[in-house]
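Chain by chain, the residues:
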Amino acid sequence: MADSFMGKAATMEIPINSNGETLAEDDSLEQDLQQVMVSGPNLNETSIVSGGYGGPAGGIIPTSSIKGSGMHHSNQSMSAEEANRGVAVEKLDSVKKWGINTYKCTKQMFSERFGRGSRTVDLELEAQIDVLRDTKRKYESVLRLTSALTTHFYNMVQTQQALGDTFADLSQKSPELRDEFGYNAETQKLLCRNGEALLGAINFFVSSINTLVNKTMEDTLMTIKLYEAARLEFDAYRADLEELSLGPRDAATMVRIEVSQQQYQVQRDKYERLRSDVTIKLKFLEENKVKVMHKQLLLFHNAISAYFAGNQQQLEQTLRQFNVKLKPPGSDKPSWLEES
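All figures in this text were calculated on a predicted structure; none of them were measured in a lab.

**Comments concerning the nonpolar core**
Here is step 1: Core analysis: the biggest nonpolar cluster contains 42 residues, and Ile129, Leu132, Ile224, Tyr227, Val278 and Leu282 have the highest contact counts within it.
Here is step 2: Of all the elements, helix α5 (residues 178-245) adds the most residues to this core, at 19 residues.
Here is step 3: The contacts of Leu132, once residues within four sequence positions are left out, are Met217, Thr220, Leu221, Ile224, Leu282 and Leu285.

Here it is, written out as structure tokens:
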């Protein structure tokens, strides 16, 4: 029976009129189909039943919530991917600019070295920079020699102290030479006290020279290195602009010339700014150097003269004049906790 019904349904014909429209008697079928389509389930609000047929309503899970959660995670992943792509593009662009800049600067450097390129020169500023570098080398020599003097003099003071203690001990154990050993013990102790005072003055001198050479001068030289790098970049972009200006003047070249002109202006502003910074720092460095060295050289001379003249009062007065504070005896020795 089912087979006959299916066969009949397969051979049914739907009558149509001369205009290709269905007959009125089949309008009800079309309306029923439209009603089914309209009253059918909303795909945006379809629910999934977790239980079997006839199960409790609590097992129903709205698919709209699943769809919303999926879209939320999808949007987050898309935004993270776009952010990562933006960072990668930015890094690639930075590497590209660095490579172009390095190539131009290297080309300019070799051109200058082999005499085929021109360089911007500020004769007065270059002379001041050369003087500074020469001065720094000489001050480094002074610093090295005074540091060696401090080490040797410290060892001498320690030897005098040990010798004075030995003389004092022998004075107690040798009654027949008590006075002689006693005089020598007092002399060595006096020399040791004066030696510690002179050592404090020399240490103060070395500390001030070290600050001047390795901090103040070094800071100025770092600015000079930045200035020299900016000068090289400026000349590289200047040479590039001059080379483009000598070529043909078609549309593409004019665009490149305009871009090169902008880059040239940026490098020129950077070069002039650093040149001004170097000029100002050189001026203040010279003033500071004269002020510091005037005080330190006077201290060094007065302390050395007072010590070797045996003038203890003059030596102490020199230390007070320049606010040199001596370390208390034994401060360099480790504590008993450190020794243990």
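**Examining α5**
Here is step 1: Its 68 residues give α5 an end-to-end C-alpha distance of 97 Å, which sits within 8% of 100 Å, the value for a rise of 1.5 Å per residue.
Here is step 2: The largest bend along α5 measures about 35° and falls at Glu218.

**Overview of the packing of α5 against helix α7 (residues 312-321)**
Here is step 1: For the pair α5 and α7, the least separation of the axes is 10 Å and the interaxial angle reads 25°. Classified by the angle their axes make, α5 and α7 are roughly parallel. Crossing handedness for the pair α5 and α7: left-handed. For the pair formed by α5 and α7, the contact residues are Leu190, Asn194, Ala197, Leu198 and Ala201 on the first element and Gln312, Leu315 and Leu319 on the second.
Here is step 2: Taken together, the residues of the contact of α5 with α7 sort by class into six nonpolar, two polar and no charged.

**Side note on the pattern of salt bridges**
Here is step 1: Following the criterion strictly, the structure yields 14 salt bridges and no others.
Here is step 2: Salt-bridge contacts for Arg137 lead to Asp134; the nearest nitrogen and oxygen are separated by 3.5 Å. In this pair, Arg137 and Asp134 both sit in helix α4 (residues 123-173), three residues apart, roughly one turn of the helix.
Here is step 3: Overall, Arg137 belongs to the exposed group, its relative accessible area being 52%.
Here is step 4: The exposure class assigned to Asp134 is partly exposed, which follows from its relative accessible area of 29%.
Here is step 5: In this structure, the salt-bridge partner of Asp235 is Arg231, at a minimum N-O distance of 2.6 Å.

Parameters at a glance
- Residues numbered from 1 in each chain as written.
- Predicted model: local features only at pLDDT ≥ 70, side-chain atom pairs only at ≥ 80, totals over all residues.
- Heavy atoms only, no water.
- Core = buried A, V, L, I, M, F, W, Y, C linked by side-chain atoms within 4.5 Å.
- Buried < 20%, exposed > 50% of the residue type's maximum accessible area, 1.4 Å probe, protein only.
- Helix = DSSP H or I, 4+ residues; strand = E, 2+ residues; numbered from the N terminus.
- Contact = heavy atoms within 4.5 Å.
- Expected span 1.5 Å × (residues − 1).
- Bend = angle between axes of the 7 residues up to and from the residue.
- Axes fitted to C-alpha atoms, helices over the stretch in contact; angles between N-to-C directions.
- Parallel < 35°, antiparallel > 145°, perpendicular 65-115°, else oblique.
- Left-handed = near helix turned anticlockwise from the far one by under 90°.
- Nonpolar A, V, L, I, M, F, W, Y, C, P; charged D, E, K, R; others polar.
- Salt bridge = Lys/Arg side-chain N within 4 Å of Asp/Glu carboxyl O.

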